[in-house]
Amino acid sequence: MSLTRQEIDTQPQCWEYALKQLPEYAQALPAKGERVAVIGCGTSLFMAQAYAHLREDLGHGPTDAFPASAARLHRPYDRILALTRSGTTTEILTALGSALPTTRITTLTAVPRSPAAAAADDVIILDHADERSVVQTRYPTTQLALMLAHLGHDLDRALTDVSTALSAPLDPQLTAAEQITFLGEGWHTGLAHEAALKVREAAAHWTESYSAMEYRHGPIAVAGPGRAVWSLSPLPAELAAQIEATGAHLRGPELDPLAELVLAQRLAVRLAEDAGRDPDRPAHLTRSVVLA
């Protein structure tokens, strides 16, 4: 069994342990009413997008999610939340170096003695969820579970459904699809982007991802027989009918969105193995992007 699959399987325990740590870390996370910028790269950016959208939806305050390479940290934020598994990503460190001196910085990382941790006022360490695989699976979902719980989001269904996500048979129409598009609405959109990224990273498989209501504005042209659309959010009946009319296989959400992401992680490993690829060591990727 690949390292990636082993790490995928440990997510229920990782989430539960992180939730037990929440009282310890609550003061380091953005307080209600704070104006917040959340920064990340790749997977961390998609977790930032999901968190930022839900934080605003729940009335906790203005929350912007930026790719670290394009972060506008000259704006008057109360707090910057930097999401970085390794704590060494060049764009994260550059962005933190540009922050206003009056802005409080929290780094959420898996590595205690990392440059990004050293650059922060507050540090949250989720080293129990760190990974050996290049492809991130359990760390970002654990990170997001902690952040969502701090917002008061109920994770009971996610904790129940993840068992199904880890054991349910994979849909043969997904494993056979030549192309897969992931859709999401609201905070689920970041999870859809992450699901598509997992399949691209691990299997080098053709995936795309969109906000569900944007999908009909052009991208639906890709759909067709032998291809699949997987929505992590319920779709309006009209949009679902349009997708089905293309001949593409449509999967709607059957589990909590976090559990749906776990199922997509399993699909990524399966597609990698079917293609003869090593999901632990994808071509051209490294654990952290450190620029010269």
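Engineer: Mind showing me how you'd approach the pattern of salt bridges here?
Structural biologist: Should the charged atoms of two oppositely charged side chains come close, the side chains can pair. Following the criterion strictly, the structure yields 13 salt bridges and no others. The partner of Arg79 in a salt bridge is Glu34, with the nearest N and O atoms 3.0 Å apart. Taken together, the residues Arg79 in strand S3 (residues 79-83) and Glu34 in the loop between helix H2 (11-25) and strand S1 (36-40) connect sequence positions 45 residues apart. Like Glu34, Arg79 is buried. When salt bridges that share partners are traced, they join Glu34, Arg79, Arg104 and Asp122 into one network.

Engineer: Can you walk me through empty space enclosed by the protein in this structure?
Structural biologist: Sizing a probe to match a water molecule and rolling it over the atoms shows the empty space that remains. Following the criterion strictly, the structure yields 1 cavity of 30 Å³ or more and no others. Lining the largest cavity are Thr4, Ile8, Val135, Thr137, Lys198, Ala202, Gln265, Ala268 and Val269. Of all the secondary structure elements, the ones that give two or more residues to the lining of the largest cavity are helix H1 (3-9), helix H9 (188-203) and helix H11 (257-274). The element contributing the most residues to the lining of the largest cavity is H11, with 3 residues. Residue composition of the lining of the largest cavity, grouped by class: 5 nonpolar, 3 polar and 1 charged.

Engineer: What exactly am I supposed to notice about the side chain of Arg251 here?
Structural biologist: Note that Arg251 resides in strand S9 (residues 249-251). Look at Arg251 and you get buried, because its relative accessible area is 9%. With residues up to four places along the chain from it excluded, the contact list for Arg251 reads Leu174, Val229, Trp230, Ser231, Glu260 and Leu263.

Engineer: Please clarify how unusual backbone geometry should be interpreted in this entry.
Structural biologist: Most of the time, phi is negative for any residue but glycine, and the peptide bond is trans. A positive phi is found at Ala204, a non-glycine position, where the angle reads about 55 degrees. Here Ala204 is to be found in the loop between H9 and strand S7 (207-211). In this structure Ala204 comes out as partly exposed when scored by relative accessible area, which is 48%.

Engineer: Looking at this structure, how should I read the sheet that holds strand S2 (residues 63-67)?
Structural biologist: Whenever strands of a sheet pair, they do so through backbone hydrogen bonds, lying parallel or antiparallel. Pairing in this open sheet of 5 strands is parallel, and the strands run S2-S1-S3-S4-S5 from one edge to the other. Strand pairing shows two members of the sheet lacking a second neighbour, S2 and strand S5 (122-125), which therefore form its edges. Taken pair by pair, the neighbouring strands of this sheet meet at an average axis angle of 20 degrees, ignoring direction. Where S3 lies against strand S4 (residues 104-109), 5 bridges are found, and the strand directions are parallel. The partner of Ile80 across the bridge, within S4, is Ile105. Sheet strands in contact with helix H6 (residues 138-150) are S3, S4 and S5, and its direction is about 135 degrees off that of S4.

Engineer: What is the right way to read the sheet that holds strand S6 (residues 180-184) from this model?
Structural biologist: Read from one edge to the other, the open sheet built from 4 strands follows the order S7-S6-S8-S9, with strand pairing classed as parallel. Lying at the two open borders of the sheet, with one neighbouring strand each, are S7 and S9. Recorded for the sheet is a direction-independent mean angle of 20 degrees between the axes of neighbouring strands. Bridge analysis of S6 against strand S8 (residues 228-231) gives 4 bridges, and the strand direction is parallel. Bridge pairing links Leu183 to Ser231 in S8. H11 contacts S6, S8 and S9 of the sheet and is inclined by roughly 150 degrees relative to S8.

Engineer: Whenever I open this one, the environment of Ala195 confuses me. Can you help?
Structural biologist: If you trace the backbone, Ala195 turns up in helix H9. The class of Ala195 is buried, set by a relative accessible area of 0%. Distance from Ala195 to Thr43, taken between C-alpha atoms, is 9.4 Å for residues 152 residues apart in sequence.

Engineer: What exactly am I supposed to notice about the environment of Glu214 here?
Structural biologist: Structurally, Glu214 can be placed in the loop between S7 and S8. C-alpha separation for the pair Glu214 and Leu100, spaced 114 residues apart in sequence, amounts to 35 Å.

Engineer: Hey, could you run me through the packing of helix H3 (residues 43-57) against H9 in this one?
Structural biologist: Two elements in contact, H3 and H9, have axes whose closest approach is 7 Å; the angle formed by their N-to-C orientations is 160 degrees. Looking at the two axes, H3 sits roughly antiparallel to H9. Relative to H9, the crossing made by H3 is left-handed. Contacts between H3 and H9 pair Thr43, Phe46, Met47, Gln49 and Ala50 from the former with Gly190, Leu191, His193, Glu194, Leu197 and Lys198 from the latter. For the contact of H3 with H9, a count of residues per class yields 5 nonpolar, 4 polar and 2 charged.

Cut-offs and rules
- Residues numbered from 1 in each chain as written.
- Predicted model: local features only at pLDDT ≥ 70, side-chain atom pairs only at ≥ 80, totals over all residues.
- Heavy atoms only, no water.
- Salt bridge = Lys/Arg side-chain N within 4 Å of Asp/Glu carboxyl O.
- Helix = DSSP H or I, 4+ residues; strand = E, 2+ residues; numbered from the N terminus.
- Buried < 20%, exposed > 50% of the residue type's maximum accessible area, 1.4 Å probe, protein only.
- 1 Å grid on protein atoms, 1.4 Å probe; cavity = no way out; pocket = protein on both sides within 12 Å on 5 of 7 lines; lining within 4 Å.
- Points joined across faces, edges and corners; volume = space filled by probe spheres on them.
- Nonpolar A, V, L, I, M, F, W, Y, C, P; charged D, E, K, R; others polar.
- Contact = heavy atoms within 4.5 Å.
- Pairing = 2+ DSSP bridges.
- Axes fitted to C-alpha atoms, helices over the stretch in contact; angles between N-to-C directions.
- Parallel < 35°, antiparallel > 145°, perpendicular 65-115°, else oblique.
- Left-handed = near helix turned anticlockwise from the far one by under 90°.

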